Amino acid sequence: MRESVAITITESSQTGEARRVAIALATRLGFQETQRGKVGIVVTEVANNLIQHGQGGVLLLRLLEHDSAIGIEVLSLDKGQGMVDVDECLQDGFSTAGTLGNGLGAISRLSGLFEIYSIRNQGTALLAHLWSDSALHPPQETLEIGAICLPKRGEDVSGDAWAYQIDRCRSLLLVADGLGHGPAAATAASQAVRIFQEHHRSPGAIVEAAHAALRSTRGAALAIAEIDFEQQSVRFAGIGNIAASIFSFTERHHHLISNNGTVGHEVRKIQEFSYPWYANGLLIMHSDGLDTKWQLDRYPGLSQKHPSLIAGVLYRDFNRERDDVTVLVAKGMGS
């Protein structure tokens, strides 16, 4: 389940629906009763916060996998008044809405990972990870990954897809956007993911293999980035309108180059480009469901947050709404 589940929260009756969806997901993933209860409490508190403090927003759920560990990511996004002091808001008993003020503290205590990003008068993004076994603590990877993948409004499935392969020395990341929307677009994107998972070669070679495999589909825009941690470099091959950028706290950022075409139909040239990678590097890839006008430096401190919060804030503020959308963020663990 690479797609996110989005639940709009604008009134109190939707809190119960969010809880039901989250517990159903936890049950399907094999969470035991105690852990399902934690999921229900966290999602309820997050949804209540969206109503009471964010003037409504969206709650996103996503499957987390790490070896034998299974978890659920809870991400809430709003455009409310934000928080003046996040640390103060986390203290039990603090409230600006006449409630008991224990919600954020409870979420923090029940979650394996908990982060907030908030800007006054611009909104808040809240992230929580809950694992099926609370005793499991997935080890840190060379990359931290965050992603959002959602269908166009009115569609049941997304025509976008994303995937990654991470090991100690080398990691590959993919974003695919099937032509159009709906099931046929999803088939093309899924086929691209299948080829990506079967081939552990260079980005250009994988794109070439996908071009042959997608001929019977609608075709797709496709981009693959390979991060080599030993060489401190990124190799990138893209066809179509998948945007990608590399950022660093200390170095200038790079926009990665894709060639025109549609994988599976018309590709004039498959070309790899090389870029530097940094210990504190940040790679952002997204489909054209996200407006390209975003600028990370307009969000003070966001680049230091978990990649899922970065993806969430960009989605919240630059989602075109008339298209499938995928935002994939990878962060070097040296950052």
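This text follows the structure it describes.
In this text, all values refer to a predicted model and were calculated from it rather than measured experimentally.

Calculation notes
Residues numbered from 1 in each chain as written. Predicted model: local features only at pLDDT ≥ 70, side-chain atom pairs only at ≥ 80, totals over all residues. Heavy atoms only, no water. Phe/Tyr/Trp six-rings, centres within 6.5 Å; stacked < 30°, edge-to-face > 60°. Helix = DSSP H or I, 4+ residues; strand = E, 2+ residues; numbered from the N terminus. Buried < 20%, exposed > 50% of the residue type's maximum accessible area, 1.4 Å probe, protein only. Axes fitted to C-alpha atoms, helices over the stretch in contact; angles between N-to-C directions. Parallel < 35°, antiparallel > 145°, perpendicular 65-115°, else oblique. Left-handed = near helix turned anticlockwise from the far one by under 90°. Contact = heavy atoms within 4.5 Å. Nonpolar A, V, L, I, M, F, W, Y, C, P; charged D, E, K, R; others polar.

(A) Region of the structure containing the packing of aromatic side chains. All chains considered together, the criterion is met by 2 aromatic pairs. On the numbers, 5.9 Å between centres and 15° between planes, the contact of W162 with Y164 is stacked. Ring geometry for F247 and W294: centres 5.8 Å apart, planes at 45°, overall tilted. Residue F247 is found in strand β11 (residues 243-247), and its partner W294 is found in the loop between β16 (282-286) and α7 (307-318); the two are separated by 47 residues along the sequence. There is no split in this pair, since F247 and W294 are both buried.

(B) Up close: the packing of helix α1 (residues 13-28) against helix α2 (residues 33-52). Look at α1 against α2: their axes get within 9 Å of each other, and the N-to-C directions meet at 150°. Accordingly, the angle class assigned to the pair α1 and α2 is roughly antiparallel. In this structure, α1 crosses over α2, and the sense of that crossing is right-handed. For the pair α1 and α2, the contacting residues are T15, A18, R19, A22, I23, A26 and T27 in the first and R36, V39, G40, I41, V43, T44, A47, N48 and I51 in the second. Looking at side-chain class alone, the contact of α1 with α2 contains 9 nonpolar, 5 polar and 2 charged residues.

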